[in-house]
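# Coordinates in review
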Amino acid sequence: MTLFEKIWDAHIVTKIKDGPDVLYIDKHLIHEVTSPQAFAGIEKRGINVFRTKNILATADHNVPTVNQHLPIKDPLSKFQVDKLTENCTKHGIELYGLRHPFQGIVHVIGPELGITLPGMTIVCGDSHTSTHGAFGAIAFGIGTSEVEQVFATQCLLQSKPKTMKIEVNGTLSKGVVSKDIVLYILSKISSSGGSGYFIEFSGDTIKSLSMEARMTICNMSIEMGARGGLIAPDETTFNYINGRQFAPKGEQWEKALEYWKTLHSDAGAKFDKTHTFSASDIEPMITYGTNPGMGIKISDFVPAEISINDPAEKISFNKSLNYMGLQAGAMLLGKKINYVFIGSCTNSRIEDLRMVAEFVKGKRKAGNVHAMIVPGSAQVQKQAIAEGIDKILITAGFELRQPGCSACLGMNEDKVPKGEYCISTSNRNFEGRQGPGARTFLASPLTAAAAAITGEITDVRKMLN
Amino acid sequence: MEKFTTIRSTAVPLPIENIDTDQIIPARFLKSTTREGFGENLFRDWRYDEKNNPKNNFVLNDLRYEGTILVAGKNFGCGSSREHAAWAIADYGFKVVVSSFFADIFKNNSLNNGILPVEVSDKFLNELFNEINKNNHTQLVVDLENEKITITDTNSSEKFTINQYKKICFLNGYDDIDYLLSLKDDIEKYEKNSNYLALVNKG
Ligand code: SF4
């Protein structure tokens with residue numbers, strides 16, 4: 001059996017003939033944007049939340065990332081965040097809201113608090129729930145009607161997806177990090193290449209990665225169209241979890257560990273599809289278009305139009321380049337950029353901040369660049385301060401903000417102005433994602449930091465010794 | 001949910017691939033805490049300029065096209081899980097979306113909101129775009145009972161498939177929560193028998 005099948009089967013409450021499975025959900029994470037209508041839904045039905053203890057809430061999408069001690073200025077955002085507090089209080093749900101020491105992006109806080117554990121089923125009304133798969137959990141995003149299902153019954157009706165294995169083997173070159181791996185895979189299999197599948201990432205390159213780096217990869221499995229992605233838990237996983245706030249302790253830890261060690265795909269397990277990549281083929285990556293599958297090696301050219309045959313694809317390709325203000329066949333290196341955003345549930349963990357700090361130490365950002373770095377959680381922020389990372393970043397001219405989704409989605413106050421280019425460590429370069437008319441290049445924290453220093457798209461390898 | 005049987009309508013063509021839910025409804029319009037009123041902002045940034053004037057070249061502003069069926073390019077609804085995308089489509093008045101592929105979460109969201117996602121072959125999708133292009137009054141018939149979509153002008157048709165459980169829900173107007181609530185005993189039995197839950201869910 002595959003790892004995915006082991007966990008899935010262990011969570012089936014019952015099967016519906018010719019229909020979906022009834023899947024039990026261990027952990028349900030919620031936030032302010034996709035939960036209010038679900039709360040209203042169960043209230044309308046006159047029922048209570050079934051298992052309040054399995055739910056955890058935070059406010060992240062809609063919160064400002066400066067002056068979090070002051071009331072939220074935007075009345076609609078404030079109303080939504082207040083509504084979450086009201087709903088959580090009413091239904092007895094644990095909330096790590098604004099100003100709570102555990103507050104942060106929902107996919108950053110679950111793992112760092114030891115709430116995300118191997119073998120679990122985890123859902124959230126947010127597509128990047130796939131992040132938690134890095135721990136060997138089945139974690140996926142759901143819509144608000146499904147949030148309501150889980151409120152009502154702690155279960156979901158789900159059809160079992162097919163399984164895909166993506167193996168990456170070999171050693172990464174200098175300047176190439178996990179974000180490059182996932183952007184590379186995306187450029188190869190496209191933004192729909194994982195559709196209908198649940199992906200298991202494996203191979204010695206993946207095994208060598210830290211938990212933070214693994215989360216970056218699983219985070220973007222949704223960008224491949226996959227239902228989610230996971231990685232078998234190993235010593236790296238167990239060491240990361242051990243001792244965290246809500247992780248099992250003592251005898252419970254021992255028992256859990258014993259079970260977790262059985263969580264891997266059996267030798268000879270059958271996957272519906274397999275892709276194999278070599279780490280040595282991967283370079284620092286960057287996207288040029290308006291979906292995350294439109295990526296190239298940073299030293300490559302934007303593809304030429306003639307390389308595309310399908311007429312519908314051609315229209316989409318041209319629309320995309322037109323939006324980005326780029327020519328087919330152009331080179332991206334040397335292109336001037338005015339905005340840098342380092343943050344989001346893809347790259348806002350302490351390791352990301354350390355990576356950026358180490359790189360920019362003793363350097364100064366280019367005059368034209370607005371460089372924003374946004375920690376994923378209050379705990380990340382605290383840790384960064386404890387390590388002196390905040391000073392390094394501020395000296396280099398970066399604006400270090402308070403935790404939240406920030407300029408990842410153009411919903412809160414942090415936006416990229418119309419027509420401007422932004423190198424972003426987030427996960428989506430869709431039209432208008434970072435604000436109406438904003439143009440996003442997705443890249444790794446290192447590539448983003450290099451661009452902040454030079455003011456243009458830069459091959460970070462040239463700046464490393 | 002309303003019962004769904006057969007829909008006969010002209011269609012609105014949107015021959016663009018990978019339409020993500022950020023295009024269907026941009027994040028800045030997700031601040032409402034109810035399910036209503038999102039139709040106004042459906043495809044907001046394609047539909048209106050910064051001054052909120054309608055963009056003439058966008059199909060929803062093109063008076064030639066109307067109807068309750070939206071026909072869109074491959075991989076429709078990818079990206080963010082926001083159900084607001086399905087609410088916006090429903091609120092605008094669409095009952096069916098036709099594409100050659102739907103992103104998983106969007107597909108579930110639309111099924112949960114009474115919008116039927118009809119998945120057709122790339123070839124049939126092209127045929128649809130061509131016929132609608134030739135004649136904007138082209139009528140389509142979406143017959144859920146027989147899982148069939150037909151272009152009435154040419155009588156060309158294709159079968160589509162839908163999960164049988166969902167089909168029953170659609171035909172009868174049932175919803176998932178009613179069904180799940182009827183399984184409470186099974187769910188509690190599952191919880192009692194799960195050693196793992198006891199380990200990780202303290203309290
Ligand atoms: S950081 Fe971005 S992608 Fe992640 S949860 Fe927030 S809005 Fe979604």
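Computed from a predicted structure; not experimentally measured.

### Looking at the side chain of Ser195(A)
- Mapped onto the fold, Ser195(A) is located in the loop between α6 (178–189) and β10 (197–202).
- The class of Ser195(A) is buried, set by a relative accessible area of 10%.
- Here the side chain of Ser195(A) touches Ser192(A) through a polar contact of 2.9 Å, landing on its backbone oxygen.
- Excluding residues that lie within four positions of it along the chain, Ser195(A) makes contacts with Met224(A), Gly225(A), Ala226(A), Asn75(B) and Phe101(B).

### Topic: the interface of chain B and chain A
- Contacts between the two partners involve 59 residues from chain B, matched on the other side by 82 residues from chain A.
- Interface area, chain B with chain A, both sides summed: about 5700 Å², of which 57% is carbon and sulfur.
- In this structure, the connection of chain B to chain A is made through eight salt bridges.
- For Arg35(B), the salt bridge is made with Glu148(A), and the minimal N-O distance between the two is 3.1 Å.
- Counting every contact that joins chain B to chain A gives 27 residue pairs in polar contact (both at pLDDT 80 or more).
- Of all the secondary structure elements, the ones that give two or more residues to the side of chain B that touches chain A are α1 (21–24), α2 (44–47), α3 (84–92), α4 (104–111), α6 (164–172), α7 (176–181), α8 (184–193) and α9 (195–200) of chain B.
- Its residues placed into classes, the side of chain B that touches chain A shows 22 nonpolar, 18 polar and 19 charged.

### Structural notes on the domain arrangement of chain A
Residues and elements named next belong to chain A.
- In terms of domain boundaries, chain A breaks down into domain 1 (3–273) and domain 2 (286–463).
- Computed over C-alpha atoms only, the centres of domain 1 and domain 2 are separated by 24 Å.
- Contact residues are listed per partner, giving 46 residues for domain 1 and 45 residues for domain 2.
- Area buried by domain 1 at its contact with domain 2 is led by Thr65, Ile105 and Lys179, which between them contribute 19% of it.
- Our count for the contact surface shared by domain 1 and domain 2 stands at one salt bridge.
- For the pair domain 1 and domain 2, the interface holds 24 residue pairs in polar contact (both at pLDDT 80 or more).
- Among the elements of the structure, α4 (106–112), α6 and α8 (211–219) are those that each provide at least two residues to the side of domain 1 that touches domain 2.
- Looking at the side of domain 1 that touches domain 2 element by element, the count peaks at six residues for α6.
- Residue composition of the side of domain 1 that touches domain 2, grouped by class: 18 nonpolar, 20 polar and eight charged.

### Some points on the packing of aromatic side chains
- Going through the model one piece at a time under the given rule, you end up with 22 aromatic pairs over all chains.
- Relative to Trp46(B), the ring of Phe43(B) has its centre 5.7 Å away and its plane inclined at 5°; by these criteria the two rings are stacked.
- Of the aromatic side chains, those joined through ring pairs into one cluster are Phe4(A), Trp8(A) and Phe198(A).
- Here the guanidinium or amino end of Arg51(A) rests over the ring plane of Phe50(A), the centre of that ring lying 4.0 Å away.
- Its guanidinium or amino end placed over the ring of Tyr240(A), Arg244(A) lies 3.7 Å from that ring's centre, counting from NZ or CZ.

### What about the side chain of Gln158(A)?
- Structurally, Gln158(A) can be placed in strand β8 (residues 155–158).
- Among the polar contacts made by the side chain of Gln158(A), one reaches the side chain of Glu146(A) at a distance of 3.1 Å.
- Excluding anything up to four places from it in sequence, Gln158(A) contacts Trp8(A), Pro20(A), Asp21(A), Leu23(A), Phe140(A), Glu146(A), Arg227(A) and Asn108(B).

### Examining the nonpolar core
- Counting 108 residues, the largest nonpolar core has Phe441(A), Phe43(B), Val71(B), Phe76(B), Val98(B) and Leu116(B) as its most contacted members.
- With residues up to four places along the chain from it excluded, the contact list for Phe76(B) reads Ile19(B), Ile24(B), Phe43(B), Leu70(B), Ile89(B), Val97(B), Ser99(B), Phe101(B), Phe102(B), Ala103(B) and Phe106(B).
- Ranked by size, the runner-up nonpolar core spans 93 residues in total, among them Ala137(A), Val147(A), Phe201(A) and Ile282(A).

### Section: the site of the ligand
Residues and elements named next belong to chain A.
- Around the ligand, the neighbouring residues are His61, Ile105, His107, Asp126, His128, Ser344, Cys345, Cys405, Cys408, Leu409, Asn427 and Arg433.
- Per-class residue counts for the shell around the ligand are five nonpolar, five polar and two charged.
- In this structure, the shell around the ligand is formed jointly by two domains, domain 1 (3–273) and domain 2 (286–463), each of which donates at least three residues.

### Re empty space enclosed by the protein
- Across all of its chains, the model carries four cavities of 30 Å³ or more by this definition.
- Taken as a whole, the largest cavity holds about 220 Å³ of empty space.
- Contributing to the lining of the largest cavity are 23 residues, with His61(A), Asp126(A), Leu409(A), Arg433(A) and Ser80(B) lying nearest its centre.
- Each of domain 1 (3–273) and domain 2 (286–463) of chain A contributes no fewer than three residues to the lining of the largest cavity.
- If you add up the space inside the second largest cavity, you get close to 140 Å³.
- If you trace the second largest cavity, you find 16 residues lining it, with Ile222(A), Gly225(A), Cys78(B), Gly79(B) and Ala103(B) closest to the centre.
- Here the lining of the second largest cavity is built from residues that sort into eight nonpolar, six polar and two charged.

### A closer look at the environment of Phe135(A)
Residues and elements named next belong to chain A.
- Take Phe135: it is sitting in the loop between β6 (121–124) and β7 (138–141).
- On the accessibility criterion, Phe135 (0% relative accessible area) is buried.
- As a C-alpha pair, Phe135 and Met211 span 76 residues in sequence and 7.8 Å in three-dimensional space.
- Once you skip the residues sitting within four places of it in the chain, Phe135 turns out to touch Pro111, Thr116, Leu117, Pro118, Met211, Met215, Ile231, Pro233, Thr237, Tyr240 and Ile241.

What counts, and where the lines are drawn
- Throughout, a residue's number is its position along its own chain's written sequence, starting from 1.
- Both sets of labels track the order of writing: A upward for chains, 1 upward for ligands.
- Restriction of local features to residues with pLDDT of at least 70 applies here, the model being predicted, together with a cutoff of 80 or more for giving and counting side-chain atom pairs; totals for whole chains, interfaces and linings are based on all residues.
- Processing note: side-chain calculations cover all non-hydrogen atoms of the structure and skip hydrogens and water entirely.
- By the criteria applied, helices consist of DSSP H or I runs no shorter than four residues and strands consist of E runs no shorter than two, each listed in order from the N terminus.
- Relative accessibility thresholds used throughout: buried, under 20% of the residue-type maximum; exposed, over 50%; partly exposed, between the two (1.4 Å probe, protein chains only).
- Any pair of nitrogen or oxygen atoms within 3.5 Å is treated as a polar contact; in protein, a donor-acceptor pairing is required on top of that, and neighbouring residues in sequence qualify only through side-chain atoms on both sides.
- Contacts are assigned to residue pairs that have any heavy atoms within 4.5 Å of one another.
- Reported buried area values correspond to the accessible surface (1.4 Å probe) lost by two parts on association, with both partners' losses combined.
- Here, a salt bridge means any Lys or Arg side-chain nitrogen found within 4 Å of an Asp or Glu carboxyl oxygen.
- Amino acid classes used here: Ala, Val, Leu, Ile, Met, Phe, Trp, Tyr, Cys and Pro are nonpolar; Asp, Glu, Lys and Arg are charged; the rest, including Gly, are polar.
- What marks off one domain from the next here is an automatic or database domain assignment.
- Each aromatic pair joins two rings of Phe, Tyr and Trp (for Trp, the six-membered one) with centres within 6.5 Å, and gets the label stacked for planes under 30 degrees apart, edge-to-face for over 60, and tilted for any other angle.
- Note on geometry: a ring has a charge over it if NZ (lysine) or CZ (arginine) is within 6 Å of the ring centre and within 35 degrees of the ring normal.
- Side-chain atoms within 4.5 Å link the members of a nonpolar core, which is a set of buried Ala, Val, Leu, Ile, Met, Phe, Trp, Tyr and Cys residues.
- If a single non-hydrogen atom of a residue is within 4 Å of a molecule or strand, that residue counts as near it.
- Cavities and pockets were defined on a 1 Å grid built from protein atoms only: a cavity is a group of points that admits a 1.4 Å probe but offers it no way out, a pocket is an open group of points flanked by protein on both sides within 12 Å along at least five of seven lines, and a lining residue is one with an atom within 4 Å of any such point.
- Grid points are joined across faces, edges and corners, and a volume is the space filled by probe spheres set on the points.

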